[in-house]
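Structural overview for review
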Amino acid sequence: MNIRLLAKRNIQGNAQRYLAYFFSIVLSVSIFFIYASFIFHPDVVHADIPGGKLISRGLIAAEIVIIIFSVFFIAYSNAAFIQPRKKEFGLLTLLGMSKSQLRKLIYLEQTMVSLISILIGVGLGFLFSKLFLMAISWLLAVEQPISFVFVPEAFIYTIVGFVLLFQLLSLFSLFHIGNAEVVDLLKDKQKPKKTPFVSKWLVALSAVCLSISYYLACTLSLNNSYIRVLPIVFFVLIGTYFLFSQSIVALCSRLYRKKKSLYGGTNLITQTNLIFNIKDYSRLFFLTSIITAVILTAAGTLFMFSADLKKQGMDNIPQAIGWIENDASIYSVIEPSAVENTLKEDGFKILYEVNMTGVPITHMLPHMRTGEPNEIRSLLISESDYNNAAALRKIEPAKLSGKEALYIFPYGGLDYQFVHKGEQKELHFGNGTIQVTMAGQRNQSIVAPIKAATTLMVVDDQLYHEITADVPLKEMARVRGYEVKDWEESMETSSEIVQMSNNHNQLQTRAPIYQEMKQGSILILFIGLFVSLLFFIVQGSMMYLRIFTNLEDKKIQIHALHRLGLTKKEIRQILSAEIRILFFAPFLIGVIHAMVAYVALSNLLESNLFVYSSMVIATYFLFQLLYYQVTKKIYERAVINTIK
């Protein structure tokens, strides 16, 4: 028998162990190939597809993520395959196999598996790339579907890239096994496991790090998010690692000391196995919990953003059609009658209209980052005009008196206070100046935030009339707006109104902006779900590998327990409990991390995202439960079938 034939038979003999790993690699290669087929598609390269370049950039980022993730997964899997076979390698060495031949055997095994995985992955990717192009064509709403063509670059980058990746990682894994002595290989599994050591300080560190990260996430806002993201990630990683390597060990040790529950049913065996294997499981728990948190957070964020898009559009663009006239005495941008007639002709019902005048003013505000004072333009309006528009949008009315003023910033997601209650501020209009006392700030929009009306300054009616008494109408600005029923369907009507206007920069329509954002978010969601699916399969494969790594040892243990009197039903209970802990302990921690992230996202979007987050978690749980059931059945069959 030569080494090539021995490598082939080893793969066949370990087919069950290789199954999840093989499936994960095939999926990774397939997704990578499909994305590469779009990136290097001639229509995308020559910019013949509207929005194609934007999607291409997103897919390139996804490709980088796939490669990075594949590096960690393949390295982990190679170590998982080699560890349980050390005794086998020791026997081969004892029978005369040299270290170079042993390295060649391992190298050939990993190369065979990788080449088969790559070829099948590329084949499936090529097969399903047509469906992917059809889906992208539908999402982009292009007139002609993207043609299915042979893309040589996709084949070259996928095959060469993954072959090089496998070769480098395979060579790296050979050094560890090749330098080990025969006695170490033979006795690797005979080394007794010690009771895991627990440090109270590290348990406390875990609690402190997670508490800090949760506090930073729950108090996250748009203006401090850029300085908090990295600290949150750092503290979550540190806290989660010591949670599994120390805190969970401490909890298991405490449960082990409770003799009453320990001696009930099969708990003695289950808890004993757990406490002596928890150190080995800790790294797996850490990785899979972080992956679970990443999947849930990424998929949840994309889904929630897409689902909440309509509300965001209505919050940031207060009317379906809105514009500002720099000269309030005439309509130079567009005639209101033209807008009304166009909407009625196309069958759209006008729910309400906004018509208010104001005086353009300047005043000083601090810069968001530097705090340095900057001159800002705003539109001064009366309290009654503001309250009338606020009532239409179901916003709390303003209550001002004397020389009080209320500053209106249109973007609710930006939690930044430019002014403070009681602050004195000078407002400059024309040749005049007036000093007011600020009653506070509201981050919400009531009219189209365009040009001079981007921010508003609201004052008492009497003060407003005193200021504007000598201001001619042509030096004032007029803001108009129409809210429309079923505005999401007014794309063509909005485009027609824009074409009718004389100044596109001073007119805002909600439907085109909403549709563009919706299209982009769906595309990102579409791409993100592919990557999330890959992450899910990979983290499930890591648990599958961990379970089947110690399959032979488990068979010996179960056979001994069966001879001592344990029934097959009790053995199934032991196996189910062990697999359940592997699958759902990191899942629970990952869900907690994701829920904290959802709270932070809710604060940023100023929306209650409980329903959306529950749907994402429930969907993921069902997939996890299905994966658990399949793995449990395969594992139980592999172990129990050996019992005679």
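Here, the structure is the one placed above.
Residues numbered from 1 in each chain as written. Predicted model: local features only at pLDDT ≥ 70, side-chain atom pairs only at ≥ 80, totals over all residues. Heavy atoms only, no water.

A closer look at the overall build of the protein
Defined as follows: For helices the rule is a DSSP run of H or I covering at least 4 residues; for strands it is a run of E covering at least 2, with both sets numbered from the N terminus onward. Only heavy atoms enter the contact rule, under which two residues are in contact if any of them lie within 4.5 Å. To be clear on the numbers: accessible area is Shrake-Rupley with a 1.4 Å probe, and residue cover counts the displayed protein chains and nothing else.
Scanning the protein from N- to C-terminus turns up 21 helices and nine strands. Long-range pairs, those at least 24 residues apart, make up 82% of the contacts in the protein with a sequence separation of at least 6. For the protein, the exposed surface amounts to about 31,800 Å²; the carbon and sulfur share of it is 62%.

A closer look at the packing of helix α18 (residues 510–549) against helix α21 (residues 610–640)
Our working definition: Axis lines are fitted through C-alpha atoms, for helices just across the contact stretch, and the angle between N-to-C directions can take any value from 0 to 180 degrees. Orientation is classified from the angle alone, with under 35 degrees giving roughly parallel, over 145 giving roughly antiparallel, 65 to 115 giving roughly perpendicular, and any other angle giving oblique. With the far helix as reference, a near helix turned anticlockwise by less than a right angle produces a left-handed crossing, and one turned clockwise produces a right-handed crossing. Residues are grouped as follows: nonpolar covers Ala, Val, Leu, Ile, Met, Phe, Trp, Tyr, Cys and Pro; charged covers Asp, Glu, Lys and Arg; every other residue, Gly included, is treated as polar.
One can describe the packing of α18 onto α21 by two numbers: an axis separation of 11 Å at closest approach and a directional angle of 25 degrees. The angle between α18 and α21 places the two elements in the roughly parallel class. As α18 packs across α21, the resulting crossing turns out to be right-handed. Here α18 contributes F536, I537, Q539, G540, S541, M543, Y544, I547 and F548 to the contact with α21, which in turn contributes Y620, F623, Q624, Y627, T631, I634, Y635 and A638. Per-class residue counts for the contact of α18 with α21 are twelve nonpolar, five polar and no charged.

Observations regarding a positive patch on the surface
Spelled out, the test is: For patch detection, residues must exceed 30% relative accessible area and be free of salt bridges, and they are connected within 9 Å for like charges or within 5 Å for nonpolar side chains (Val, Leu, Ile, Met, Phe, Trp, Tyr). Salt bridges are counted wherever a side-chain nitrogen of Lys or Arg sits within 4 Å of a carboxyl oxygen of Asp or Glu. Charge convention: Lys and Arg are scored as positive, Asp and Glu as negative, and His as well as the terminal groups of each chain are ignored. Throughout, a charge is located at the NZ atom of Lys, the CZ atom of Arg, the CG atom of Asp or the CD atom of Glu.
Where like charges cluster on the molecular surface, the positive patch consists of K568, R572, K633 and R637. Structurally, R572 is set in helix α20 (residues 568–605).

Some points on the nonpolar core
Spelled out, the test is: As used here, the term nonpolar core means buried Ala, Val, Leu, Ile, Met, Phe, Trp, Tyr and Cys residues forming a set that is joined through side-chain atoms within 4.5 Å. Buried means the residue's accessible area, taken with a 1.4 Å probe over protein chains only, is under 20% of the maximum for its type, while exposed means over 50%, and partly exposed covers the values in between.
Grouped together as the largest cluster of nonpolar side chains are 98 residues, with contacts concentrated most on Y21, Y35, F38, F548, F583 and Y635. Per-element tally for this core: the top contributor is α20, with 15 residues. Residues in contact with F583, not counting those within four places in the same chain, are M543, I547, Q624, Y627, Y628 and T631. In this structure, V354, A390, I408 and I446 belong to the second largest nonpolar core, which totals 24 residues.

Observations concerning unusual backbone geometry
Residues other than glycine seldom take positive phi values, yet K451 does so here, at roughly 45 degrees. Assignment of secondary structure puts K451 in the loop between β6 (432–443) and β7 (456–459). Residue classification places K451 among the partly exposed residues on the basis of a relative accessible area of 46%. The phi torsion at D486 lies on the positive side, around 55 degrees, for a residue other than glycine. Note that D486 resides in the loop between β8 (477–484) and α17 (491–500). Residue classification places D486 among the partly exposed residues on the basis of a relative accessible area of 41%.

Looking at the packing of aromatic side chains
For clarity, the cut-off: Between rings of Phe, Tyr and Trp, where Trp is taken as its six-membered ring, a pair exists when centres lie within 6.5 Å; planes separated by under 30 degrees are stacked, by over 60 edge-to-face, and by other angles tilted. For a Lys NZ or an Arg CZ to count as sitting over a ring, it must be within 6 Å of the ring centre and within 35 degrees of the ring normal.
Under the definition given, this model contains 27 aromatic pairs. Seen in terms of ring centroids, F33 and F126 are 6.5 Å apart; in terms of plane orientation they differ by 65 degrees. Their pairing is edge-to-face. Here F33 is found in helix α2 (residues 15–39), whereas its partner F126 is found in helix α6 (residues 99–140), with 93 residues between them in sequence. With a relative accessible area of 1%, F33 lands in the buried category. By relative accessible area, F126 is classed as partly exposed at 31%. Through pairs of rings, three or more aromatic residues link up here, namely F536, F583, F584, F587, Y620, F621, F623, Y627 and Y628. Positioned above the aromatic ring of W487, the side-chain terminus of R510 is 4.6 Å from the ring centre.

Remarks on the pairing of strand β4 (residues 404–409)
We apply this condition: Any two strands with at least two DSSP-identified bridges between them are counted as paired.
Most of β4 sits out of view: five of its six residues are buried. As defined by bridge partners, β4 adjoins β6 across six bridges and the pair is classed as parallel. By the bridge assignment, L406 is partnered in β6 with G440. Sheet topology places β4 next to β7; four bridges connect them, and they run antiparallel. Note on β7: the bridge partner recorded for A405 is V459.

Some points on a nonpolar patch on the surface
Residues I116, I120, L124, L127, F128, L131 and M134 make up a contiguous nonpolar surface patch of roughly 630 Å² in combined accessible area. Its place among the elements puts L124 in helix α6.

Some points on the pattern of salt bridges
For the structure shown, the criterion picks out three salt bridges. Of the charged contacts in the structure, one is a salt bridge between E353 and R480, with a shortest N-O distance of 2.6 Å. In this pair, E353 sits in strand β2 (residues 350–366) while R480 sits in strand β8, placing the two residues 127 residues apart along the sequence. Judged by its relative accessible area of 41%, E353 is partly exposed.

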